[in-house]
Amino acid sequence: YDLRTLVARQIAAGRNLVTPAFDGATVVWAQPAAEGGGDDVMGQRLAGGAAFRIARVPEGVESVMVSGDRVAWWVGRGSLSWVEISRLPR
């Protein structure tokens, strides 16, 4: 939602989107991959531009986090889970 123009812009829609995270500059979320199973970790800079894929994850992403130029995501459930981290693409 742009506070200057009062216009909202949808950046993602669909089933099973993972709750987004944002740090004031970038919004990050996960969504089912278009093909091949798993999830895609996606990002959108609040300054503009198109949404971009950060990572393809072969398992289901449970949550995402973003801070500065780093993105992390938690994968899995129960005893078989892990956290991965990556830099945001420029």
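Each remark here, short or long, concerns the structure printed above.
Residues numbered from 1 in each chain as written. Predicted model: local features only at pLDDT ≥ 70, side-chain atom pairs only at ≥ 80, totals over all residues. Heavy atoms only, no water.

Side note on the pairing of strand β3 (residues 39–45)
Among the 7 residues that make up β3, 6 are buried, leaving the element largely enclosed by the rest of the structure. Where strand β2 (residues 26–32) meets β3, 7 bridges bridge the pair, whose relative direction is antiparallel. The residue bridging Gln-31 from the neighbouring strand is Asp-40, located in β3. Connecting β2 to the antiparallel partner β3 that follows it, the hairpin turn spans 6 residues, and Gly-36 within it adopts a positive phi of roughly 85 degrees. Pairing of β3 with strand β4 (residues 52–57), which is carried by 5 bridges, proceeds in the antiparallel orientation. In the strand pairing of β4, Asp-39 is matched with Val-57. (Buried < 20%, exposed > 50% of the residue type's maximum accessible area, 1.4 Å probe, protein only. Helix = DSSP H or I, 4+ residues; strand = E, 2+ residues; numbered from the N terminus. Pairing = 2+ DSSP bridges.)

Section: the sheet that holds strand β5 (residues 61–67)
Here 3 strands make up an open sheet; going across it, the order is β5-β6-β7 and the pairing antiparallel. At either end of the open sheet lies a strand with only one pairing partner, and these are β5 and β7 (80–87). Pairs of neighbouring strands in the sheet enclose a mean axial angle of 15 degrees, with direction left out of account. Taken together, the 6 bridges between β5 and strand β6 (residues 70–77) define a ladder with antiparallel strand orientation. If you follow Ser-63 over to β6, its bridge partner there is Trp-74. (Axes fitted to C-alpha atoms, helices over the stretch in contact; angles between N-to-C directions.)

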